[in-house]
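Report on the structure
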Amino acid sequence: MGKLQDISLDNSITLLFTNSGKAEMYVYDRIKECCSATRESVYEIGTKRDFMDMLELVNLQPFLAEKWIFILDYKKAVKSMCKTNKGVLHAETSCFLVKVYNYADYKEFKSLYPTCNDLYLARLNPRDISYIFNGYNLSQKVVDFISSSYGSDVDKVFDIKEALDNGEEINSNKDIVKLVGASGGSVSKLALQLLNEPPKLKGRDRVLKARLNAIVALCDTYNISTVRNYLLASVKDILDIKVLYLQGIIFKRISKLPEKYDEKRLSKYQYCINSITEEIPYARILRLYTTLMVSGVWKEKIDILTFLYSYYSDDNLREDK
């Protein structure tokens, strides 16, 4: 997987998949900056005719830029031309931004041009988020919070960057939530922790303490009842994915879902699809969901503790078997 920090003149081909227009603009701006490009040295390639024009231009050195920039719309006509004119994308006079719209095309282009800087930005990983916010006056704690909470909300990550560019001051996690709204990223991470293999009796107290501390830490950013509601929603998402897998509707990719499912919402769990489908038993997900349902509204720390003791009780754990 490629890196945002590897966008440079040395990497002439950047492969991009993203559902975020803001992420796409960020990548484009970085390439344009590297190439010292003007508007006159940037061309969009969407048809066979466009591609033929590009074949002529790559033989020339741009007058007002380091390199030409060609933005390839990787669909039917351009796909065919990329396959039959492979050498052209290695031209030293040019940089190429290749936009794909599904995972199959991403894999196909990557197999054709294995040395490309392949950016799969359906989700931003901590490495890329650290790079985006490098140079801003943000604490490591806040950057880590952005990574864990908003990695799947790509537009919100760039909303935060835009606010900083406009002079917004951000000093805490609560400032982030106030600025771009709440995200379920940290909560979904907690849900997956709760769905780990249940602890043995000897280690149960240690696990209970760790889970309690994790939930209380979230309550420093969101209120207690909100954490419970987000956790319930996240576990319901995981349950839906498990059901879709068991019904044979999805396998490795969360895509082409029946209309009643929110595909954009569920696709945020693509990064942990193997854990959900192959490692976590259906009974355990259902047990966590029903335990949260019957726990009622959380108002105090004791409500969280009551939920955890119920979830990790001997009678409940036997349901996994």
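Residues numbered from 1 in each chain as written. Predicted model: local features only at pLDDT ≥ 70, side-chain atom pairs only at ≥ 80, totals over all residues. Heavy atoms only, no water.

What to know about the overall build of the protein
To keep things clear, this is the line we draw: A run of H or I in DSSP counts as a helix once it spans at least four residues, and a run of E counts as a strand once it spans at least two, with each numbered from the N terminus. Note on exposure labels: buried denotes an accessible area under 20% of the residue type's maximum, exposed denotes more than 50%, and partly exposed covers the range between, all computed with a 1.4 Å probe on protein chains only. By definition in these notes, contact holds between two residues if any of their heavy atoms fall within 4.5 Å. Values of accessible area rely on a 1.4 Å probe in the Shrake-Rupley scheme; residue burial ignores everything except the protein chains shown.
Looking only at helices and strands, one finds 16 helices and five strands in the protein. When each of the 321 residues of the protein is scored for burial, the buried share is 48%. In the protein, 77% of the contacts between residues at least 6 apart in sequence involve partners at least 24 apart. As displayed, the protein has an accessible area near 16800 Å², and 50% of this comes from carbon and sulfur atoms.

Things to note about helix α3 (residues 76-84)
Among the residues of α3, those classed as buried are Val78, Lys79, Met81 and Cys82. Its buried side turned inward, α3 meets β2 (42-45), α2 (48-57), β3 (68-73) and α4 (103-112).

Considerations on the pairing of β2
Selection criterion: Here a strand pair is declared whenever DSSP counts at least two bridges between the two strands.
Pairing between β2 and β3: four bridges, direction parallel. Bridge pairing in β3 links Tyr43 to Phe70.

Some thoughts on the side chain of Ser20
Put simply, the rule is: Counting of polar contacts relies on pairs of N or O atoms within 3.5 Å, with two restrictions inside protein: one atom must be capable of donating a hydrogen and the other of accepting it, and residues adjacent in sequence are counted only when both atoms are side-chain atoms.
Here Ser20 lies in the loop between β1 (13-17) and α1 (21-34). One polar contact links the side chain of Ser20 to the main-chain amide nitrogen of Ala23, over a distance of 3.0 Å. Ignoring sequence-local partners within four residues, the contact set of Ser20 consists of Val154 and Asp155.

Notes on the side chain of Lys242
Spelled out, the test is: Charge convention: Lys and Arg are scored as positive, Asp and Glu as negative, and His as well as the terminal groups of each chain are ignored. Any carboxyl oxygen of Asp or Glu within 4 Å of a side-chain nitrogen of Lys or Arg constitutes a salt bridge here.
Counting through the fold element by element, Lys242 comes out in helix α11 (residues 224-246). Salt bridges are absent for the buried Lys242, whose nearest opposite-charge side chain, Glu278, sits at 9.0 Å. At 3.0 Å, the side chain of Lys242 and the backbone oxygen of Ile276 are in polar contact. Leave out the neighbours within four places in its chain, and Lys242 touches Ile276, Thr277, Glu278, Ile280, Pro281, Tyr282 and Ile285.

Remarks on the packing of aromatic side chains
To describe a pair of aromatic rings, you give the distance between the ring centres and the angle between the ring planes. The criterion, for reference: The criterion for an aromatic pair is that two Phe, Tyr or Trp rings (for Trp, the six-membered ring) have centres within 6.5 Å, with stacked assigned to planes under 30 degrees apart, edge-to-face to planes over 60 apart and tilted to the rest.
One pass over the structure, following the stated rule, counts 16 aromatic pairs. Ring geometry for Tyr26 and Phe158: centres 5.2 Å apart, planes at 45°, overall tilted. Separated by 132 residues along the polypeptide, Tyr26 in helix α1 and Phe158 in helix α7 (residues 154-165) bring together distant segments of the chain. Assigned by exposure class, Tyr26 and Phe158 land together as buried. Consider the rings of Phe70 and Phe96, whose centres lie 5.6 Å apart with planes at 25°: the pair is stacked. Taken as a pair, Phe70 in strand β3 and Phe96 in strand β4 (residues 94-100) lie far apart in primary sequence, 26 residues in all.

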